[in-house]
Amino acid sequence: PAARLVPVRRQRASVRILCMHATCQGTVTLFLGTQRLSAPRRYATRAGHTETVRVVLDGTGRARLAGAKGHVVAVTERITVRGGRTVTQRIELRR
């Protein structure tokens, strides 16, 4: 399956989070391999709702995106849920 495309505007990636069964709280962080591209960003959302979290890219993340062919970088988003499990999935950042 193709990775989900996430737009980056003003050094912020707009990551959507869907909470299915209960109220969710946690953090979202972007990685390229083991290299962190953003600071962890906290979120909270109600069950059955979608939240857009604007994750700020750090210097490494901005440099990777600027130097990438077509300004598209495939990264891993790591979503931690307090009291739950950590979810990772592939996304593509596009400037």
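Preceding this section is the structure that the text describes.
Residues numbered from 1 in each chain as written. Predicted model: local features only at pLDDT ≥ 70, side-chain atom pairs only at ≥ 80, totals over all residues. Heavy atoms only, no water.

A. Expanded view of the overall build of the chain. Counting its secondary structure elements, the chain contains one helix and eight strands. Going from the N terminus to the C terminus, the chain shows its helices and strands as β-β-β-β-β-β-α-β-β. Compactness check: the chain gives a C-alpha radius of gyration of 13 Å against a globular reference of 12 Å for 95 residues, within 12% of the reference. Each principal axis of the C-alpha atoms in the chain carries an extent, and together these give about 40 × 25 × 20 Å. Every one of the 95 residues in the chain was classed for burial, and the buried ones make up 31%. Expressed as a percentage of contacts within the chain between residues at least 6 apart in sequence, the contacts between residues at least 24 apart total 55%. For the chain, the computed accessible surface area is about 6,100 Å², with 47% contributed by carbon and sulfur atoms. Charged side chains in the chain number 19 positive and 4 negative. The centres of these two groups are separated by 3 Å. (Helix = DSSP H or I, 4+ residues; strand = E, 2+ residues; numbered from the N terminus. Rg over C-alpha atoms; globule rule 2.2 N^0.38 Å. Buried < 20%, exposed > 50% of the residue type's maximum accessible area, 1.4 Å probe, protein only. Contact = heavy atoms within 4.5 Å. Areas by Shrake-Rupley, 256 points an atom, 1.4 Å probe, with all protein chains shown as cover. Lys, Arg positive; Asp, Glu negative; His and termini not counted. Charge placed at Lys NZ, Arg CZ, Asp CG, Glu CD.)

B. Just the pattern of salt bridges, in detail. In total, this model carries one salt bridge according to the counting rule given. Taking the shortest distance from any N to any O, the salt bridge between Arg 4 and Glu 77 comes out at 2.6 Å. In this pair, Arg 4 sits in strand S1 (residues 4-9) while Glu 77 sits in strand S7 (residues 72-81), placing the two residues 73 residues apart along the sequence. Residue classification places Arg 4 among the partly exposed residues on the basis of a relative accessible area of 31%. Its relative accessible area of 0% is what places Glu 77 among the buried residues. (Salt bridge = Lys/Arg side-chain N within 4 Å of Asp/Glu carboxyl O.)

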